[in-house]
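Secondary and tertiary structure notes
One-letter residues, chain by chain:
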Amino acid sequence: MSAVIEIEGLRKTFHSMRSGRRVAVDGFDLLVEAGQIHGFLGPNGSGKTTTLRALLGLVRADSGRMTVLGEPSPELLPRVAGQVGAIVESPQFFGNFSGYRTLRLLARAGGVPVSRVDEVLDLVGLSDRGDERVKGYSLGMKQRLAVASALLKDPRLLILDEPANGLDPAGIREMRDLMRSLSASGVTVLVSSHILGEIQLICDHVTIISRGRRVASGRVDEVLAGHDRHEFLVRVAEPERAVELLHAADLTAVVDGEALVVGGVDDPTVISRVLGEQGLWVGELTPLRPDLESVFLELTGAYEHPSVPRQVDDSSLPHGEAVIDLDRGVDA
Amino acid sequence: MNLVRAELERLSARRFVQLMVVLLVLAFAVTAATTLVGSHKPTVSELNSAREQAADARRSMEVTHQQCLAYQDDSLPSGTNETFPSDCSAIDPIRQDRLPIAADYLSGVFNFADQARPLLYFLIAFLVLFGFLVGASYIGADLNSGGVVNLLLWRPRRMTVLAAKLGTLLGTVLVLALLASAAYLATFWMIGQTAGLPGRLDGDFWRSLGAVHGRGLVLVLLASAVGFAIATLGRHTSAALGALAAYAVVWELGGRLVLEIIDARRPDRLMLSSHIGAWLSGGARFFDPRLCAGSSGTDYCEGFYSLTWPTALAVLLLLTGGLTAAAFAVFRRRDLI
């Protein structure tokens, strides 16, 4: 598949008279191929939005190479801008304009037929509220309008930064369905979000960023498989005796409440055989598969000390990497 | 062209622009209404009386001039207590800029020819303020709210987007200024025709008024561009307002005071307000007693110096051009976050 977005070695440092310098993105790589719904994850302040802004020419990168639809960005971004729909953070719209007028204005500025406005309003579920002023919109409605503005160009590439912000559960589901249908029609989608369950449901590929560096990337199932500890939840009548038996069979096992967590198991029939041979019958045997949230928290070190409030810059780097000394400063 | 149309729609929909237009119309209406109420068409007897008074005044000036000449020739009868200038040409009626006319002796009568120029100055002052504030708020609010970012996601050409905004601003302000001034002058001309006096509306009058009007429009455009440029550099509308206030207080007031204390020569030529005045009125003269400090008692020293309109225009263009170029250069490389 051809690369739709390529980022290599992106580095961006913000400087501030008051707060000094802060490395927001530090040698970050990203590859999004045609047809993917690619999730872009990272804790607050990890450099997600800065990366997207740099890609779209809104901030100047210190170094690195970026291409969008095969064109170097930001130098030749205007060549492909008509095929890229993007929202970065929560876009601000003119409050006195109606949703329809807002989109009509953007359509005019971008040379898009005005007839497209009604189509996208319908797509995001705002066709009945398009004549109302934007300042009267809820956060979720503004977010829908933002997505509509990104869809206006009928893009080949859609970049959505936190599209589910402010959406109610039904809206989140609609957004999910919309992205799936867009992907099915050949649109490549890069979506950043904090709602990890959503990303897992929607995306086929994922890249995780922490403190400006890529800490994981690939197919979602492969990333999850890479963090699978081959653990199983086991319920038996005598947990303590079961632990002893499993240890004797060179398996790791710990009591977790009324059940056991048994690790390092490739074939779960081993557990039922070891315990069954000693007259302990297994009542439940459930594989403990990692989900995106647990992988994300593990990779970014975002949940190491639940009792201590976590600071924005407390995220971690890839295993084995030295922690770079970041000056605290400008919020990217 | 599409971008300009879109920008035009945004600009015209801005509440601040609408508010300023309403204020303009309101100020215009109040001025016109008070003029209309305070003026009346003079009666024949009022006109005759005014003409007689003007003729008397002109005769009196001629008599005084003749007496002055007689005084110089020592042919004036003794016992005359009047004092005369050493140079009688100073009171020669022929050398005066204008002689008393009937309109000078008509109270409560609006005279368009006499009042058009100050009225136009008032309108230009308002339009200069309008242009500066609208220019600053147009880009300042857009930069601050993320509107520019939104637009750049659609048209990732920074120079084109900023140029379209500036061009739209200047075009809109120019059209508005032209319409407002045309309506303004036409209204007062009509008041002069119907409820006052039109005055002497000859070719010289219209040429002079047209020149003031043209220079005023240029000043309005320059003020709009300056407001736009400073707000772009400072990212906020308030940057332009702050810069204006700081300049007025620090340089026009404080700087002028310091220049006086250190006895600097021709301090007014260093003030932007002097150049604005010189440009608008086609030239300005400033008094500086220091200019006569070295002259001997026998030489006549007037103590005035002039600022010509070409010099004033060059200063204003240099300032506006410099600020605008700086705004474009900074915007081209700026991180938009």
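Reading guide: rules and limits
- Residues numbered from 1 in each chain as written.
- Chains lettered and ligands numbered in written order.
- Predicted model: local features only at pLDDT ≥ 70, side-chain atom pairs only at ≥ 80, totals over all residues.
- Heavy atoms only, no water.
- Domains from an automatic or database assignment.
- Buried area = accessible area lost by both parts, 1.4 Å probe.
- Salt bridge = Lys/Arg side-chain N within 4 Å of Asp/Glu carboxyl O.
- Polar contact = N/O pair within 3.5 Å; in protein donor to acceptor, adjacent residues only side chain to side chain.
- Nonpolar A, V, L, I, M, F, W, Y, C, P; charged D, E, K, R; others polar.
- Patch = residues over 30% accessible without salt bridge, like charges linked within 9 Å, V, L, I, M, F, W, Y side chains within 5 Å.
- Areas by Shrake-Rupley, 256 points an atom, 1.4 Å probe, with all protein chains shown as cover.
- Helix = DSSP H or I, 4+ residues; strand = E, 2+ residues; numbered from the N terminus.
- Buried < 20%, exposed > 50% of the residue type's maximum accessible area, 1.4 Å probe, protein only.
- Pairing = 2+ DSSP bridges.
- pLDDT = per-residue confidence, 0-100.
- Contact = heavy atoms within 4.5 Å.
- Arc of directions from axis to C-beta.
- 1 Å grid on protein atoms, 1.4 Å probe; cavity = no way out; pocket = protein on both sides within 12 Å on 5 of 7 lines; lining within 4 Å.
- Points joined across faces, edges and corners; volume = space filled by probe spheres on them.
- Expected span 1.5 Å × (residues − 1).
- Axes fitted to C-alpha atoms, helices over the stretch in contact; angles between N-to-C directions.
- Disulfide = S-S within 2.5 Å.

1. Let's talk about the domain arrangement of chain B
All names here are of chain B. Annotation of chain B at the domain level lists domain 1 (2-42 + 110-333) and domain 2 (45-105). Placing the centre of domain 1 and that of domain 2 at their C-alpha centroids yields a distance of 41 Å. For the pairing of domain 1 and domain 2, the buried interface totals around 360 Å² over both sides, and the portion due to carbon and sulfur atoms is 56%. Remark: the boundary between domain 1 and domain 2 carries zero salt bridges. The interface formed by domain 1 and domain 2 contains one residue pair in polar contact (both at pLDDT 80 or more). Here the residues of the side of domain 1 that touches domain 2 sort into one nonpolar, two polar and two charged.

2. Concerning a nonpolar patch on the surface
Among the surface-exposed residues, Val249, Val250, Trp251, Leu253 and Leu270 of chain B lie close enough to one another that they form a single nonpolar patch of about 490 Å² accessible area. Inspection of the secondary structure puts Val250 of chain B in helix H8 (residues 237-261).

3. As for the pairing of strand E13 (residues 259-263) of chain A
All names here are of chain A. With five of five residues buried, E13 lies mostly within the body of the structure. Judged by which residues are buried, E13 turns out to be covered on both faces: Ala259, Val261 and Gly263 on one side and Leu260 and Val262 on the other are all buried. Sheet topology places strand E12 (residues 252-256) next to E13; five bridges connect them, and they run antiparallel. Of the residues in E13, the one forming a bridge with Val254 is Val261.

4. Focus on the confidence of the model for chain A
In this model, chain A carries a mean pLDDT of 85, and residues with pLDDT of at least 70 account for 90%. With pLDDT under 50 throughout, residues 320-332 of chain A is counted as low confidence; its partners more than four residues away or in other chains account for 30 contacts.

5. So, helix H9 (residues 239-248) of chain A
Residues and elements named next belong to chain A. Looking at H9, one finds that the buried residues are Pro239, Ala242, Val243, Leu245 and Leu246. For H9, the angular spread of buried residues about the axis comes to 165°, placing them on one side. For H9, exposure combined with an orientation more than 90 degrees from the buried face picks out Glu240, Glu244 and Ala248. Close packing links the buried residues of H9 with E12, E13 and helix H10 (269-277). Positive phi appears at Asp250, one or two residues downstream of H9, with a value of about 65°.

6. Points about the side chain of Ser274 of chain B
As for its position among the elements, Ser274 of chain B is in helix H9 (residues 272-281). When neighbours within four sequence positions are excluded, Ser274 of chain B is seen to be in contact with Asp268, Phe286 and Leu307 of chain B.

7. Things to note about empty space enclosed by the protein
Residue and element names in this part refer to chain A. Across all of its chains, the model carries three cavities of 30 Å³ or more by this definition. The space that makes up the largest cavity amounts to roughly 70 Å³. Lining the largest cavity are Pro163, Ala164, Ile172, Met175, Arg176, Met179, Val191, Ser193, Glu198, Ile199 and Ile202. Among the elements of the structure, helix H6 (169-184) and helix H7 (196-202) are those that each provide at least two residues to the lining of the largest cavity. Estimated volume of the second largest cavity: approximately 60 Å³.

8. As for the pattern of salt bridges
Residue and element names in this part refer to chain B. Under the defined criterion, the tally for this structure stands at 26 salt bridges over all chains. A salt bridge links Arg207 to Asp204; the nearest nitrogen and oxygen atoms lie 2.8 Å apart. With Arg207 and Asp204 both in helix H7 (residues 203-234) and three residues apart, the pair spans about one turn of that helix. Judged by its relative accessible area of 58%, Arg207 falls in the exposed class.

9. Here's the deal with helix H1 (residues 2-13) of chain B
Here H1 of chain B is twelve residues long and its end C-alpha atoms lie 17 Å apart, about the 16 Å a rise of 1.5 Å per residue gives. Looking at H1 of chain B, one finds that the buried residues are Leu3, Ala6, Glu7, Glu9, Arg10, Leu11 and Ala13 of chain B. Elements that come into contact with the buried residues of H1 of chain B comprise helix H3 (99-110) of chain A together with helix H2 (15-38), helix H4 (112-145), helix H5 (147-154) and helix H6 (158-195) of chain B.

10. So, the environment of Glu132 of chain A
Residues and elements named next belong to chain A. With respect to the helices and strands, the residue Glu132 is situated in the loop between helix H4 (115-123) and helix H5 (139-151). In this structure the C-alpha to C-alpha distance between Glu132 and Asp62, which are 70 residues apart in sequence, comes to 42 Å. Look past the residues within four positions of Glu132 in its chain and what remains in contact with it is Phe97, Ser98, Gly99, Tyr137 and Met141. Within the local environment of Glu132, its side chain forms a polar contact with the side chain of Arg129, the two groups lying 2.8 Å apart.

11. Let's talk about the interface of chain A and chain B
Counting residues at the interface gives 35 residues for chain A and 26 residues for chain B. For the pair chain A and chain B, the summed buried area comes to about 2800 Å², and 57% of that belongs to carbon and sulfur atoms. On the chain A side of the interface with chain B, the three residues burying the most area are Leu58, Arg60 and Arg108 of chain A, jointly 23% of the side's total. Run the count over chain A and chain B and you get four salt bridges. With a shortest N-O distance of 2.7 Å, Asp335 of chain B and Lys12 of chain A are connected by a salt bridge. Put simply, chain A and chain B have eleven residue pairs in polar contact (both at pLDDT 80 or more) between them. Sorting the residues of the side of chain A that touches chain B by element identifies strand E1 (3-16), helix H2 (77-80) and H3 of chain A as the ones contributing at least two each. Among the elements that line the side of chain A that touches chain B, the one with the most residues is H3 of chain A, at eight residues. In the side of chain A that touches chain B, the residues fall into 20 nonpolar, six polar and nine charged.

12. Looking at the sheet that holds E13 of chain A
Residue and element names in this part refer to chain A. Pairing within the open sheet is antiparallel, and its four strands lie in the order E12-E13-E11-E14. Two strands in the sheet have a free side with no partner beyond their single neighbour: E12 and strand E14 (284-288). If you compare each strand with its neighbour and ignore which way they point, the axes differ by 25° on average. Of the strands in this sheet, E12 and E13 touch H9, which is tilted by about 170° from E12.

13. What to know about the domain arrangement of chain A
Splitting chain A by domain gives domain 1 (3-225) and domain 2 (230-288). For domain 1 of chain A and domain 2 of chain A, the distance between their C-alpha centroids amounts to 45 Å.

14. Description of the state of the cysteines
Residue and element names in this part refer to chain B. A full pass over the atoms with the stated rule returns one disulfide over all chains. Between the sulfur atoms of Cys68 and its disulfide partner Cys88 the distance amounts to 1.8 Å. Between Cys68 and Cys88 the disulfide shows an S-S torsion of about -85°. By sign, it is left-handed. Of the two residues, Cys68 is situated in helix H3 (residues 44-72) and Cys88 in the loop between H3 and strand E1 (110-111); the sequence distance between them amounts to 20 residues. In terms of burial, Cys68 and Cys88 fall into one category: buried.

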